Amino acid sequence: MKIGVLALQGAVREHIHLLNQAGAEATAVKRAEQLQDLDGLIIPGGESTAIAKLMNQYQLKEPILNMHQQGKPIFGTCAGLILVANQVEGLTEPHLNLIDIAVKRNAFGRQKESFEADLSIEGVGDNFTAVFIRAPYIERVGPEVHILAKMDGKIVAARQGTVMGAAFHPELTDDLRVHQYFVNMVKDSLVANSLK
Ligand code: GLN
């Protein structure tokens, strides 16, 4: 099983480390042709506008959408969450439009630029120390979307089929559980796709 981490910006090495620990072969990807060999993809945090620009420049949008059409799981964290959403406050067009959620950028305000919170995440477990950095939150979810976690009443993790998004940075802790959850999603998709 091979999972890629989009290496345009952000904590790529940390994601790779945790994916390896969770039993997956993980690799940093930057070029369109590298995406074809993958079974799943993580889009890390950073600055969503900058990542979107680079994604267009390197022509990565189509191959990522193709991965999605082939049923390969995609996980967006923080800026990655903004990139997978189908609606972003203040933007007329979404970026990748992979999950039926509306997100608000930098949504926790200035006084709370970065903080940690203890989350209960469905399917993952309790007491997950989530690191939030100029984080977005999810303002609306569509009927197909499953809410996985909330913080102070705000939705901070959700999943729709093979697409997952989290407002926080699961790679900035030693806790494997969120990456393990994603690795299991990829395992399940390999079984489901082999039965097609
Ligand atoms: N505020 C960033 C954005 O809007 C996201 C921050 C992050 O990924 N840590 O893209």
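Not measured: the values here are computed from a predicted model.

S.K.: Would you explain the site of the ligand in this entry?
M.R.: In the region of the ligand, the neighbouring residues are G45, G46, E47, S48, C78, A79, I82, R105, N106, I133 and R134. Partitioning the shell around the ligand into residue classes produces 4 nonpolar, 4 polar and 3 charged.

S.K.: So what exactly am I meant to see when it comes to the nonpolar core here?
M.R.: Judged by nonpolar contacts, the single largest core of 64 residues is most densely connected at L41, V84, V156 and A167. Ranked by the residues each element gives to this core, the list is headed by helix α6 (residues 177-194), at 6 residues. In contact with V156, other than residues within four places in its own chain, are Y137, I138, A149, K150, M151, A166, A167 and F168.

S.K.: I keep staring at the environment of A24 and nothing clicks. Help me out?
M.R.: Take A24: it is sitting in the loop between α1 (12-21) and β2 (25-29). Residue classification places A24 among the buried positions, given that 22 C-beta atoms sit within 10 Å. Separated by 55 residues in the primary sequence, A24 and A79 place their C-alpha atoms 23 Å from one another. With residues up to four places along the chain from it excluded, the contact list for A24 reads M1, I3, L19, V183 and V186.

Calculation criteria
- Residues numbered from 1 in each chain as written.
- Predicted model: local features only at pLDDT ≥ 70, side-chain atom pairs only at ≥ 80, totals over all residues.
- Near = placed C-beta within 6 Å.
- Nonpolar A, V, L, I, M, F, W, Y, C, P; charged D, E, K, R; others polar.
- Core = buried A, V, L, I, M, F, W, Y, C linked by C-beta atoms within 7 Å.
- Buried ≥ 20, exposed ≤ 12 C-beta atoms within 10 Å, placed from the backbone.
- Helix = DSSP H or I, 4+ residues; strand = E, 2+ residues; numbered from the N terminus.
- Contact = placed C-beta atoms within 7 Å.

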